[in-house]
Structures are given as C-alpha cells and as structure tokens.
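# Descriptive analysis of the structure
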Amino acid sequence: MLESIGNLERTHSCGALRAENVGETIVLMGWVARRRDFGPLIFVDLRDRDGLTQVVFDEEFSREIHDKAEALRSEFVIAVTGEVIARDQNSINKKIATGEIEVRAKELLILNDAKTLPFQLEVAGSEQLASEDLRLKYRYLDLRRPQLQYNIRTRARVVSTIRRFMDEQDFTEIETPILIKSTPEGARDYIVPSRIQPGKFFALPQSPQLFKQLCMIAGLDKYFQIARCFRDEDLRADRQPEFTQLDVEISFPNTEQIFRLIEGMFERVFKLVNARLPIPFPRMTYREAMERYGSDKPDLRFEMELTDLSDDLKNTDFAPFANALEQNGQIKCLTVKGAGNYSRKQLDELQEFVKRYGAGALAWIKLADETTSSLLKVLGQETIEKLAQTAQAEKGDLVLIVAGKKKTVAAGLGALRVEIAKRENLIDRQAFKPLWVTEFPMFEFDESDGRFYAMHHPFTSPLDEDLENYKRAIETGENELLAGIRAKAYDAVLNGYEVGGGSIRIHQAAIQALNFKALGISPEKARERFGFFLEALEYGTPPHGGIALGIERIMMTVCGTDNIRDVMAFPKTASATDLMIEAPGDVDEAQLEELKIKIKE
RNA sequence: GGGAUAGAAGCACAAAGGCUGUGCACUUGAUUGUCGAUCAAGCAGGUGCGGGUUCGAGUCCCGUCUAUCCCGCCA
C-alpha cells in the first residue's frame, strides 16, 4: 500500500545530520539504498543527492513501524520521521558524513515502490559497473550513482560561477539562433528541414561564430553565451555531437586582454574544487609545442620531450631514415627513463601503437647492461651510442625512434608520449597544468583536394608580422610562403586537452576577401555563403576577437574523468544514438509528406 | 570508411575444443548493532544473431549486430 506525502516536509537532506542534531525530531525523504534485517532491528541506508543516513527501525521502540519496514526493498521511496540519536563510539561509520548519528524511525511513509533494478547501481567493494549500453538505456538509474550526481551538480556550479564571473566583467549574455544556415566550411552540419519553405533546410550551429561577430558589429561590445553547439562528426571519448561552449567575443581587444579574462575565469572555476592554477598560464608557440611535444595540446603534467636525431643521421645510408630526411622529414625520439628492460612484446605493442598514426616502424635503443638496438646491424654500435647520447639516455633507459614526414613523426611520438606516461604512471592525477598555445598557422594544406583550409576558421586574422608575406603569398600564389603564415589564433590547453580556442578576427572587408581567395573560395561563392556577413563588415566593424571554451572538457578535468559522458546528463553512444529514448527514430509518412521529403530506397 | 577489444543467469565474471560454474542481485526463513551484515534454503542461463569446421564449439573460422577505444573526420 503506497501512501501520500500529504503536507509532510523534509527537515534535512540525507547528508546533513551531525552529532549536534542529536535529540532533534527530523523528517528525511529518499531512496532505500540498502536494507539490513536483523529481525527485531532493521537498518536502512536512506539516500538522496546529498548522501546517506542510517535509519533504524526498532521493534522495541515501535512494533508497528518496524513491521511496516519489513516490506522495504531497494530503491523504494520513503519518508521517515524520527529522532536523531548518537551512535556508540564503536559503531560510528567513518565512511559516511552522517556516520556519527542514526535516525530512530517513529513514522514511515512508503511513497513508492520500485521494481528490482536491471542492474545494481554500485556493487559494494567493487569497481565493476554494469556494461555501459545497459546503463545508458537506464540513464535515469545510472544518474542515481553518487559519482554522477557529484559531476552533474559540480557542472552546474561551474556554469553558474562562469555566468557570475562574466557578468561581473560587464559582459552581456546573448542568445543566438539554433536554426541557422548551413555553411559547408568546417564540420558537417546537422540539418533540419523547413516545412514552410519545402526543400529548404536549416542547420544547427557548429558554434555561434558569425553571430557573435555580428554582435560586435552591432556595438554590443562584450558578448558571452553558454551555447549549445552541434557537429555531425564521429564521436570520441572527449567528443559528443552536441556539446556546450562558453562563447566569448570582445570589441577592441588584444590577445593579452583575452588571456587575462580567461585566466581569471579559470582561477575562479578551479577554486570550486580547491585547485590552484598557475596565473598567468605558461605560453608556447604552436611551433614549439609541435617540436618539443609532437602535439598542439601537450600534457604538461609530465616531462619526456622529443629529441631530434636528424643531425646525427644526416649521412646515413639506412633507407627509411635517408628517405625521410630527403623528403624534408624528420627522425625524432622519446627517451623513456628506466624502461631499458622493456620486453620484445612491449616494444611490439608500442610499434603497433605508433603505426596507427601512420608511422612505418618504431626503432628502439635499450640501454641495459649493454646497449642493444633494433638498428644495431644497419647503423653500427658507434652510431647507436651517439644517438643514445643525443637523446640523453642513460643506463636503464629506452629510446624510441620514429622517422618520416614531420606531421607523422609528431603525431606518432606525440601520442606515444602520452601512452607511455599512462603505462609508466607518470601522470600526477592531482595536477592541473594549463597552457596557452599561440601563433597557430593560418592554413593547413589538404593533399587530397589540393587546397588550403583554415586551421582555426576563415575569419581569423593573420599575425601583424606576417601580414606583408600573407598578402604577397596570396597575390602571387606562393604556397610555401602561405603555409608559413601565422594567425592571431590561440588554444587553451589543460592537462593535454584542448579546452578552448579563439582568435583575433579579421575586421576589414579587404582582408576577409583576401582570406577567401587564399582558401580558394571565389567572391561569388563567398557572397552566396557569407554575403550577409561580408556586407556587415563594410558598415564600420570594430576590431574584435574572442574565444570559445568547451564546458565538457573543462568538467572532465575538474571531475578527474577521461570520458565526456561522465559530465553530461544524457549523452549519446559512439554511434551517435540515445539508447534511452531510442533516437534518432523514424517519423510518420505524413510528416515527411509535409516536408516534401522522400526517403530513397 | 578503417583498425582493435568485448558480447554466457537480472548484473559482473571463471570455464586447455568435452557434464557449465562462482560472486552479487532477487525470493523465503533465521537472526539485537549492522553499515559490502551474517547463516540456511530457493529461483535463475545454454553463451548477441546467422553460417561453417569438428565425433563434439562460449571456446576455432567467416559474416553480421550492438557497445567501447583508436585512425580518418572533427577544433
């Protein structure tokens, strides 16, 4: 028999009661986390979002209530009125915040029952959770787990802290449209058919980029938005098709102002979890990051930098190395301290690992009792010793070498660096290591379709020092020169995650036109795609720039998880479906008819 | 689009190519101090799906589906 809550009100949460409450009569409501039946005595761990409180149903105290409690099962929803009593010294439970007390029930309302759950929320004394697909199907149950409750509530605190901070800094929160126009540049769009304009489509924003720039043209001066963004691309452990950004734009800015603002924001956010960040953040150019770490988002929680061996090998006959150098490539290595005893199997695994990034092979030098190497036969002992010396390897160390195109070497060794840090447990889990990566290249050449793409986005301003070369390169079509042009673009990096990226934008129509030319977008095409924006640029556009920060990525570091699904209430699977609501789904024939859409086949 | 791993009771797992099993959950009973309660009994699957190899297949092979991680893609 289920009962009504009536006018009963909670006096405390299940995490609130302490020794000083002893003697009070209180009302708790929550879920039965666990029941321990001792016959005349029944213990119930009552759970809500704040914690657990032990409730005692004592036959001696109230026969009627005790007997009623016999019917309780896991996840029943109950209201308990009772007295807070102190526990014996030896029955204090140090594992829970309310462990010094318990509640002796004198009233019990069974507000709802619950079927046996399809999986146990947490198996006591075990790290094992049910498989993720099952937990995603019953996400509302998985969310009852204290860890997810903590993550979701911490996210809310972070977001409200950000709002308050941006408000204090005199920013205006502005909502931009969700139904916008598709722009083929950048990520694939999610598209939405229009009923009133059959055959036409909206797109969901990949980011509010052009709208925030238009806000600057509109004289709104300091804009921000906690903006939902959509990208129809494949998922990863840190990527979902819809996600949230703190989107920021400022008029008359310089990079320093933006860095200061964001550093202040991060400082405030990380205070919530009692973490201190180094202010100002260290900085590194893109070029330096790639050379030293093989990554534009280096994880600075551990050392282990790359070493260039190209000089030592410039006269080598060994074909893979000679070819790499001939094609303007590189030979670089990682020195792993104390890994000189790696087995053949381990080295094979690492080789397989770098091959995923396009590396042909992984050569190694082991400095054990004697120095051995997979290259011994082809390079000879002397060269091996020299390489080990250049790599600053000492006895007991391991040197891992990759040769090839610069991009491949960086990708392979950059990823290997992180992989080895995980295997060797080199990462300080408590540390927060932020970094600004600056001076990104303007463009990236795509071999497959033989044109340049904007590395950041097509509205990014070139670096002042590179402006002359930029203009010349575009006018004369010198690809090599163009590839070297740097942008006023920067990324915020935290613990190896790119948590944000931004730039100073182009505010002059003539430069914007040049940029489209560099990207191979004809004036006609540009007008068709971005005409409204190009026109807007001509009506007195102030210099402006900004940044967008990924809320989920920030939350991943705040919550100490490596999975984005742990910091979102209702995430999607790797194949971009929602197992709970079973989306995407079919629509009625009538709906399609209204939209004038026919499904092929 | 590609690669890797996994799929067995409600859940998590063990099972040299040879009778399937363990823990938790669940049900019933016992139990005055537990907090991963304990004890006893009970309930419960034939291994994601489709083929193949074999005297015999969770186990080997092929395909497929789902989940996860990665490459490509994406900032």
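Please read all numbers here as calculations on a predicted model, not as lab measurements. (Residues numbered from 1 in each chain as written. Chains lettered and ligands numbered in written order. Predicted model: local features only at pLDDT ≥ 70, side-chain atom pairs only at ≥ 80, totals over all residues. Heavy atoms only, no water.)

Of the regular secondary structure elements, chain A holds 17 helices and 22 strands. When the backbone C-alpha atoms are referred to their principal axes, chain A occupies close to 90 × 75 × 55 Å. Each of the 601 residues in chain A was classed as buried or not, and the buried ones make up 47%. Put simply, of all contacts in chain A between residues at least 6 apart along the chain, 69% involve residues at least 24 apart. Per element, the accessible surface of chain A, about 31,500 Å² overall, is 48% carbon and sulfur. Between the mean site of the 80 positive side-chain charges and the mean site of the 96 negative ones, chain A shows a separation of 0 Å. (Helix = DSSP H or I, 4+ residues; strand = E, 2+ residues; numbered from the N terminus. Buried < 20%, exposed > 50% of the residue type's maximum accessible area, 1.4 Å probe, protein only. Contact = heavy atoms within 4.5 Å. Areas by Shrake-Rupley, 256 points an atom, 1.4 Å probe, with all protein chains shown as cover. Lys, Arg positive; Asp, Glu negative; His and termini not counted. Charge placed at Lys NZ, Arg CZ, Asp CG, Glu CD.)

Let's shift gears to the protein's contact with RNA strand B. Among the 52 residues in the neighbourhood of RNA strand B, the closest are listed as Arg 34, Glu 60, Ser 91, Pro 118 and Gln 128. Across the atoms of RNA strand B situated within 4 Å of the protein, the share located in sugar and phosphate is 57%. Between Gln 120 and RNA strand B, the recorded distance is 2.6 Å, taken from a side-chain N or O atom to a sugar or linking oxygen. Within the contact set of RNA strand B, a phosphate oxygen lies 3.5 Å away from a side-chain nitrogen or oxygen of Thr 577. Elements that contribute at least two residues to the surface near RNA strand B include exactly β1 (25–37), β2 (41–48) and α2 (132–137). (Near = heavy atom within 4 Å. Polar contact = N/O pair within 3.5 Å; in protein donor to acceptor, adjacent residues only side chain to side chain.)

Another point: the environment of Phe 570. Relative to the helices and strands, Phe 570 resides in the loop between α16 (551–559) and α17 (589–595). For the pair Phe 570 and Ala 492, spaced 78 residues apart in sequence, the C-alpha separation works out to 26 Å. Each residue touching Phe 570, except ones within four places of it in the same chain, is listed here: Arg 139, Leu 143 and Met 580.

Take the sheet that holds β1 next. The pairing of strands in a sheet comes from backbone hydrogen bonds and takes either a parallel or an antiparallel form. Taking strand neighbours around the barrel as the criterion, the five strands line up as β1-β2-β3-β5-β4 in a closed arrangement whose pairing is mixed. The average angle at which neighbouring strand axes cross in this sheet is 55°, direction not considered. With eight bridges connecting them, β2 and strand β3 (residues 51–58) associate as antiparallel partners. In the strand pairing of β3, Arg 47 is matched with Leu 52. (Pairing = 2+ DSSP bridges. Axes fitted to C-alpha atoms, helices over the stretch in contact; angles between N-to-C directions.)

This part is about empty space enclosed by the protein. A full pass over the atoms with the stated rule returns one cavity of 30 Å³ or more. Considering only enclosed or pocket space, the largest cavity measures out at about 60 Å³ in volume. The wall of the largest cavity is formed by Leu 136, Arg 139, Phe 570, Pro 571, Thr 573, Thr 577, Asp 578, Leu 579 and Met 580. (1 Å grid on protein atoms, 1.4 Å probe; cavity = no way out; pocket = protein on both sides within 12 Å on 5 of 7 lines; lining within 4 Å. Points joined across faces, edges and corners; volume = space filled by probe spheres on them.)

What follows is about the confidence of the model for chain A. For chain A, per-residue confidence averages 95 on the pLDDT scale, and residues scoring 70 or more make up 99% of the total. Note on the complex model: pTM 0.95, ipTM 0.94. (pLDDT = per-residue confidence, 0-100.)

Along the chain, the position of Arg 145 falls in the loop between α3 (139–142) and α4 (146–168). As for Arg 145 and Ser 295, which are separated by 150 residues in sequence, their C-alpha atoms are 36 Å apart. Those residues within four positions of Arg 145 in sequence are excluded, and the remaining contacts are Leu 121, Glu 122, Leu 129 and Arg 135. A polar contact is formed between the side chain of Arg 145 and the side chain of Asp 142, at a distance of 2.9 Å.

This part is about the sheet that holds strand β11 (residues 283–285). The strand order across the open sheet built from eight strands is β6-β9-β10-β22-β21-β20-β17-β11, with neighbouring strands paired in mixed fashion. Edge positions in the open sheet fall to β6 (172–173) and β11, since each of these has one partner strand only. Bridging between strand β9 (residues 222–230) and strand β10 (residues 242–251) involves nine bridges; their strand directions are antiparallel. Of the residues in β10, the one forming a bridge with Tyr 223 is Glu 249.

Helix packing for two helices is described by the angle between their axes and how far apart those axes are. Orientation of α4 relative to α16, taken along the N-to-C sense of each, is 120°, at an axis distance of 10 Å. The angle between the axes of α4 and α16 places the two elements in the oblique class. Crossing handedness for the pair α4 and α16: right-handed. Contacts between α4 and α16 involve Asn 151, Thr 154, Arg 155, Val 158, Val 159 and Ile 162 on the former and, on the latter, Ile 551, Glu 552, Met 555, Val 558 and Cys 559. (Parallel < 35°, antiparallel > 145°, perpendicular 65-115°, else oblique. Left-handed = near helix turned anticlockwise from the far one by under 90°.)

Below, the discussion takes up the nonpolar core. Residues Leu 246, Phe 266 and Phe 270 are the most contacted members of the largest nonpolar core, which totals 41 residues. Elements with a contribution of two residues or more to this core: α4, β9, β10, α6 (255–271), β20 (489–494), β21 (497–504), β22 (544–550) and α16. Those residues in contact with Phe 266, other than ones at most four positions away along the chain, are Leu 277, Phe 281, Leu 494, Val 499, Leu 549 and Ile 554. Residues Met 442, Leu 514, Leu 534 and Leu 537 belong to the second largest nonpolar core, which totals 36 residues. (Core = buried A, V, L, I, M, F, W, Y, C linked by side-chain atoms within 4.5 Å.)

With that out of the way, let us pick up the packing of α6 against α16. For the pair α6 and α16, interaxial distance at closest approach is 11 Å and the crossing angle is 40°. Between α6 and α16, the interaxial angle falls into the category oblique. Crossing angle aside, the handedness with which α6 passes α16 is right-handed. Residue-level inspection shows Phe 266, Val 269 and Phe 270 of α6 in contact with α16, the latter providing Ile 554, Thr 557 and Val 558. In terms of residue class, the contact of α6 with α16 is made up of five nonpolar, one polar and no charged. (Nonpolar A, V, L, I, M, F, W, Y, C, P; charged D, E, K, R; others polar.)

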